[in-house]
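Coordinates in review
Given next are the chains, with one letter for each unit.
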Amino acid sequence: MTKSNFILNKVSDEQTNFLVFFGTFVDTPKLGELRIRERTSIGVLDGIIKFVKRDSSDPVMDCLDYDASLSPDDILVVDITGEDESCLTSFYFPGFIDTHNHISQYPNVGIFGNSTLLDWLEKYTFPMEAALANQDIASEVYNKVIGRTLSHGTTTVAYYNTIDAKSAKLLAQISSVLGQRVLVGKVCMDANAPEYYIEDTKTSYESTVKIIKYIKETLGNPLVNPIVTPRFAPSCSRELMQKLSKLVKDEDLHVQTHLSENKKEIQWVQKLFPECTNYTDVYDKYGLLTEKTVLAHCVHLTDAEANVVRQRRCGISHCPISNSSLTSGECRVRWLLDQGIKVGLGTDVSAGHSCSILATGRQAFAVSRHLAMKKSDNVKLSVSECLYLATMGGAQVLNMEDTLGTFEVGKQFDVQAIDTCTPGSNVDTFHWQLQNQEQNQDFYKNPPLITKEDIIAKWFFNGDDRNTTKVWVAGRVVHQT
Ligand SMILES: [Zn+2]
């Protein structure tokens, strides 16, 4: 196949055209499996993958084979291989999924001193969130974070905002314009919060209902959905949790909250809710644990609590940068996965100091190594396992595994194009590492070649937004360099 057959890098927002993407597709369909499909074409219509053709010799023909009624003029070909004749250094990867991001805390990124969770909330977090009631400030922050996360290849995010309903509405509107797939959470907190940043139960509940109605009925963008967001047990009255629980069940909504992040927090919860057997039991008793519930952290879960999380089919957002920064602890990810509990990654901005899921994955890798030093080698997470958490794991946590996370027919085309050799790239590969394996195999004196898996690992450890050259959500370009 010659490149002259293709209309190189021609992309369009025009949704009536049939798009076909050609190149190397890398994904993680199962935990521990890195699937690399070279010279593959994927056809996309209305943002949905219609076919996957391996060993493609002509992507346009693949489209016509799929649907003979198409005309070649209707087909737009996107080919990212460029000069990469080896098909080694450029590839498509599923968009990252950030299952826990406090967008409203972003201006505080990197600012946490030596604090731990409870003093960090008082000193840094509540004042910043309160400040975003100013719509000009909020607008600036939302635009910055959505642009930043998209540039790092994050196509789906579950956002915590503030207690302010106006700001939540603004976040939904800006997300809709910028094209990210998002869950927007108006934070609910009617207890144990400073006077300047608290709501009464009625206001908290009613403003939640209002924002849900706005997102679902007025905004009407399928990429933007509400998520009910009781901040964490200490911030919520029993009455508020019960009301939110009814709402969640009546409208089949997502829920997000925090669980078992820090030891002092756990002691506090036990004092506040003596009728509950443990922290997880608070959410269970007050009806917030469903298969669409995202539980951030879960660092110190007991066996009994993990069992409830598994039975209720909740997902866990592992936030390793945050857990290290606030010295919360080391989440036992292997222990959770071995029990069949869904685990994804969360940046937890701003306790997490990076918007990047790739950086978060690296920290998940490192935290698992620290755990291994205290426990055993089998708790180590591999590169492909961390990439699984970053994509399929996140999709499962959000209960969206049927539509996101891998390249399969019927799934949404939420994708990032990666080029490890892009100008200014922090990923260094040498030309002699990439030589054709067949040409080189007899020359024992030649330096070692690297495999495709090695390239992925190099990207995992040294890559950043410079390598993410183009990003699509539902087949639409939402970022390009
Ligand atoms: Zn958080």
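Scroll up to find the structure this text is about.
The structure contained in this document is the topic of the report that follows. Worth saying up front: this structure is predicted, and the values here are computed from it rather than measured.

As for the coordination of the zinc ion
Note on the zinc ion: its protein donors are His-100 (NE2), His-102 (NE2), His-258 (NE2) and Asp-348 (OD). The metal-donor distances range over 2.0 to 2.5 Å. Bound by four donor atoms, the zinc ion shows angles of 83 to 174° at the metal and therefore irregular coordination geometry.

Examining the pairing of strand β17 (residues 476-480)
As paired elements, strand β16 (residues 468-473) and β17 share four bridges and run antiparallel to each other. Looking at β17, one finds that Val-473 is bridged to Arg-476. The hairpin formed by β16 and β17 contains two residues between the paired strands, and Ala-474 there has a positive phi angle of roughly 50°.

What about the side chain of Arg-35?
For Arg-35, the location among the structural elements is in strand β2 (residues 35-45). A distance of 2.9 Å separates polar atoms of two side chains, one belonging to Arg-35 and the other to Glu-408. Beyond its immediate stretch of four places on either side in the chain, Arg-35 contacts Phe-25, Val-26, Asp-27, Pro-29, Thr-406, Phe-407 and Glu-408.

Side note on the side chain of Arg-181
The topology assignment puts Arg-181 in strand β8 (residues 181-185). For Arg-181, a relative accessible area of 10% gives the class buried. Polar contacts involving the side chain of Arg-181 include one to the side chain of Gln-412, which spans 3.0 Å. Among the polar contacts made by the side chain of Arg-181, one reaches the side chain of Asp-414 at a distance of 2.7 Å. If we skip the residues at most four places from it in the chain, Arg-181 touches Thr-155, Thr-156, Val-157, Leu-223, Leu-404, Gln-412, Asp-414, Val-473 and Ala-474.

Structural notes on the packing of aromatic side chains
Counted according to the given criterion, the structure contains 22 aromatic pairs. Judged by centre distance (6.2 Å) and plane angle (15°), the ring pair of Phe-18 and Phe-51 falls under stacked. Of this pair, Phe-18 sits in strand β1 (residues 18-27) while Phe-51 sits in strand β3 (residues 48-53), placing them 33 residues apart in sequence. The pair Phe-18 / Phe-51 is uniform in exposure class, with both members buried. Ring plane angle 40° and centroid distance 5.7 Å describe the contact between Phe-18 and Tyr-66, whose orientation is recorded as tilted. In this pair, Phe-18 is assigned in strand β1 and Tyr-66 in helix α1 (residues 59-66), connecting sequence segments 48 residues apart. By relative accessible area, which is 2% here, Phe-18 ends up buried. Within the aromatic cluster, the residues linked to one another by ring pairs are Phe-21, Phe-25, Tyr-92, Phe-407, Phe-413 and Trp-472. Across the ring face of Tyr-205, the terminal group of Lys-243 is positioned such that the distance to the ring centre comes to 4.6 Å.

Looking at the pattern of salt bridges
Under the defined criterion, the tally for this structure stands at 20 salt bridges. The partner of Asp-250 in a salt bridge is Lys-246, with the nearest N and O atoms 2.7 Å apart. Note that Asp-250 and Lys-246 are positioned in helix α6 (residues 238-251) at a spacing of four residues, about one turn of the helix. Classification of Asp-250 by relative accessible area gives exposed; the value is 54%. Look at Lys-246 and you get exposed, because its relative accessible area is 52%. Of the charged contacts, one joins Glu-291 and Arg-313 as a salt bridge, the two residues approaching to 3.9 Å between their closest N and O atoms. Separated by 22 residues along the polypeptide, Glu-291 in the loop between α8 (279-285) and β12 (293-297) and Arg-313 in the loop between α9 (303-311) and β13 (315-318) bring together distant segments of the chain.

Reading the values: rules and limits
- Residues numbered from 1 in each chain as written.
- Predicted model: local features only at pLDDT ≥ 70, side-chain atom pairs only at ≥ 80, totals over all residues.
- Heavy atoms only, no water.
- Donors = N, O, S within 2.8 Å, 3.2 Å for Na, K, Ca; no water.
- Tetrahedral: all angles 85-135°; square planar, octahedral: opposite > 155°, others 65-115°.
- Pairing = 2+ DSSP bridges.
- Helix = DSSP H or I, 4+ residues; strand = E, 2+ residues; numbered from the N terminus.
- Polar contact = N/O pair within 3.5 Å; in protein donor to acceptor, adjacent residues only side chain to side chain.
- Contact = heavy atoms within 4.5 Å.
- Buried < 20%, exposed > 50% of the residue type's maximum accessible area, 1.4 Å probe, protein only.
- Phe/Tyr/Trp six-rings, centres within 6.5 Å; stacked < 30°, edge-to-face > 60°.
- Lys NZ or Arg CZ within 6 Å of the ring centre and 35° of its normal.
- Salt bridge = Lys/Arg side-chain N within 4 Å of Asp/Glu carboxyl O.

As far as function goes, none of this settles anything; it's purely spatial.
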